[in-house]
Amino acid sequence: MSLSADQQAEIAAQREAQSPTRRATVPALEAMLYEALPVLDHGFVRVIDYMGDDAAVVQAARVSYGRGTRRVQEDAGLIRYLMRHRHSTPFEMCELKLHVKLPVFVARQWIRHRTANVNEYSARYSILDREFYVPAPEHLAAQSSANRQGRGDVLQGEEAREVLAWLRDDATRTYDRYRTMLNEDEAGNAIDPARTGLARELARMNLTLATYTQWYWKIDLHNLLHFLSLRADPHAQYEIRAYAEALFPVMAAWVPLTWAAFQDYRLTAVTFSGPMLACLRRMMGGETVDQEQSGLSKREWREFMDALGRSA
Ligand SMILES: Cc1cc2nc3c(=O)[nH]c(=O)nc-3n(C[C@H](O)[C@H](O)[C@H](O)COP(=O)(O)OP(=O)(O)OC[C@H]3O[C@@H](n4cnc5c(N)ncnc54)[C@H](O)[C@@H]3O)c2cc1C
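In what follows, the accompanying structure is described. (Residues numbered from 1 in each chain as written. Predicted model: local features only at pLDDT ≥ 70, side-chain atom pairs only at ≥ 80, totals over all residues. Heavy atoms only, no water.)

**As for the packing of aromatic side chains**
Working step 1: Going through the model one piece at a time under the given rule, you end up with eleven aromatic pairs.
Working step 2: Judged by centre distance (6.1 Å) and plane angle (75°), the rings of tryptophan 110 and tryptophan 215 are edge-to-face. Placement of the pair is tryptophan 110 in helix 5 (residues 104-110) and tryptophan 215 in strand 7 (residues 212-220), with a sequence separation of 105 residues.
Working step 3: Taking relative accessible area as the criterion, tryptophan 110 reaches 0% and is therefore assigned buried. (Phe/Tyr/Trp six-rings, centres within 6.5 Å; stacked < 30°, edge-to-face > 60°. Helix = DSSP H or I, 4+ residues; strand = E, 2+ residues; numbered from the N terminus. Buried < 20%, exposed > 50% of the residue type's maximum accessible area, 1.4 Å probe, protein only.)

Structure follows, in structure tokens:
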């Protein structure tokens, strides 16, 4: 992660400022506010603002006049009940605002989550930084032979070195050409005073998808949990998963009761279909059931066995 001295000073100044308020605050999240949590090679997430806490969820669920909280035990029980039974609207009462720096190809997956408010850095107005994602060697994987949306073994030796060099060289070359087309160097001076320079909105189209972009992203807690359940899942691409996982300590600090309930009832939970449950009941009754007798497809059976921690 690379932050300039100016950017670091701005963050430090923001962290120094104090505003007295009657609103509920969360000391553990206040301690993290504005700080950049590194993700991938140049990315980060920063919490810019938040509204509400676990008590706000409880307060909304009880439609109470005051804070609405009772003993922690009772609040935890209510939050766990809401989570278990997908009574989701109380979780919509809390909001989180993030500043995210991420490669464009990750942003394309992230932006599919339509229930957020987004404002992206304008590459029509400003010049993008010379930063592009190059995977760490351990993430340079082959195409999975079993899963068309997945990765297989990590590339080794000469092939790995060559691929890494191509990724770096191509991104560097297109970035250098971008600056040449803009006719503007890093200090803002004309590279060639005889040339006019292409508009920023056009010059950017040559850049690779590995180029980093940035946005402010605001979402309510219910939809944030939905985002995390999809993007922290092992089926999600590693690069977006890295961002989802970077948010785990933020969630634990901000809404510890909700986060614990979410982990138990969503993140580490599995859903069985009706036929799977019927199989499970037969198995628990002592019957030996195999895929052919189960009525499940081969793929469903594999997923069922995975969920039970057995080999298919
Ligand atoms: C592992 C993985 C693989 C994927 N592969 C592909 C792929 O190959 N191709 C592809 O195009 N996408 C793919 N996606 C993206 C996926 O289909 C969703 O677009 C993305 O995960 C956002 O989910 P969402 O719509 O539930 O979230 P949000 O947009 O945040 O919406 C949350 C919920 O609000 C409701 N909602 C929001 N907007 C509408 C609307 N306009 N109409 C009706 N209901 C709405 C829905 O109930 C939705 O679930 C993939 C996602 C994952 C996690």
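**Observations regarding the site of the ligand**
Working step 1: The ligand sits among Arg112, His113, Arg114, Thr115, Gln149, Asn223, His226, Leu230, Arg231 and His235.
Working step 2: Between an oxygen atom of the ligand and a main-chain N or O atom of arginine 114, the distance comes to 2.6 Å.
Working step 3: In this structure, threonine 115 approaches the ligand through a side-chain N or O atom, which is 2.4 Å from an oxygen atom.
Working step 4: In terms of residue class, the shell around the ligand is built from one nonpolar, six polar and three charged. (Near = heavy atom within 4 Å. Polar contact = N/O pair within 3.5 Å; in protein donor to acceptor, adjacent residues only side chain to side chain. Nonpolar A, V, L, I, M, F, W, Y, C, P; charged D, E, K, R; others polar.)

**Describing the sheet that holds strand 7**
Working step 1: Overall, antiparallel pairing links the five strands, which are arranged 1-2-3-7-4 in an open sheet. Because the sheet does not close on itself, it has two edges, and the strands there are strand 1 (36-39) and strand 4 (117-120). On average, each strand axis in the sheet is inclined to that of its neighbour by 20°, with strand direction left out of account. (Pairing = 2+ DSSP bridges. Axes fitted to C-alpha atoms, helices over the stretch in contact; angles between N-to-C directions.)

**Regarding the environment of isoleucine 127**
Working step 1: Looking at the secondary structure, you find isoleucine 127 in the loop between strand 4 and strand 5 (141-143).
Working step 2: Taking the C-alpha atoms as reference points, isoleucine 127 and arginine 204, separated by 77 residues in sequence, lie 8.6 Å from one another.
Working step 3: Non-local contacts of isoleucine 127, meaning those with residues more than four positions away in its chain, are made with Tyr121, Tyr175, Tyr178, Arg179, Leu182, Glu184 and Arg200. (Contact = heavy atoms within 4.5 Å.)

**Re the pattern of salt bridges**
Working step 1: Evaluated as defined, the whole model comprises 16 salt bridges.
Working step 2: With a shortest N-O distance of 2.3 Å, glutamate 131 and lysine 101 are connected by a salt bridge. Here the residue glutamate 131 occupies a position in the loop between strand 4 and strand 5, and lysine 101 occupies one in strand 3 (residues 95-103), the gap between them amounting to 30 residues.
Working step 3: Given the relative accessible area of 4%, lysine 101 is considered buried.
Working step 4: Residue arginine 282 pairs with glutamate 287 through a salt bridge whose shortest N-O separation is 3.0 Å.
Working step 5: Each of the salt bridges in this network shares a partner with another, and the network as a whole consists of Lys101, Asp129 and Glu131. (Salt bridge = Lys/Arg side-chain N within 4 Å of Asp/Glu carboxyl O.)

Function cannot be inferred from these measures alone, as they are strictly geometric.
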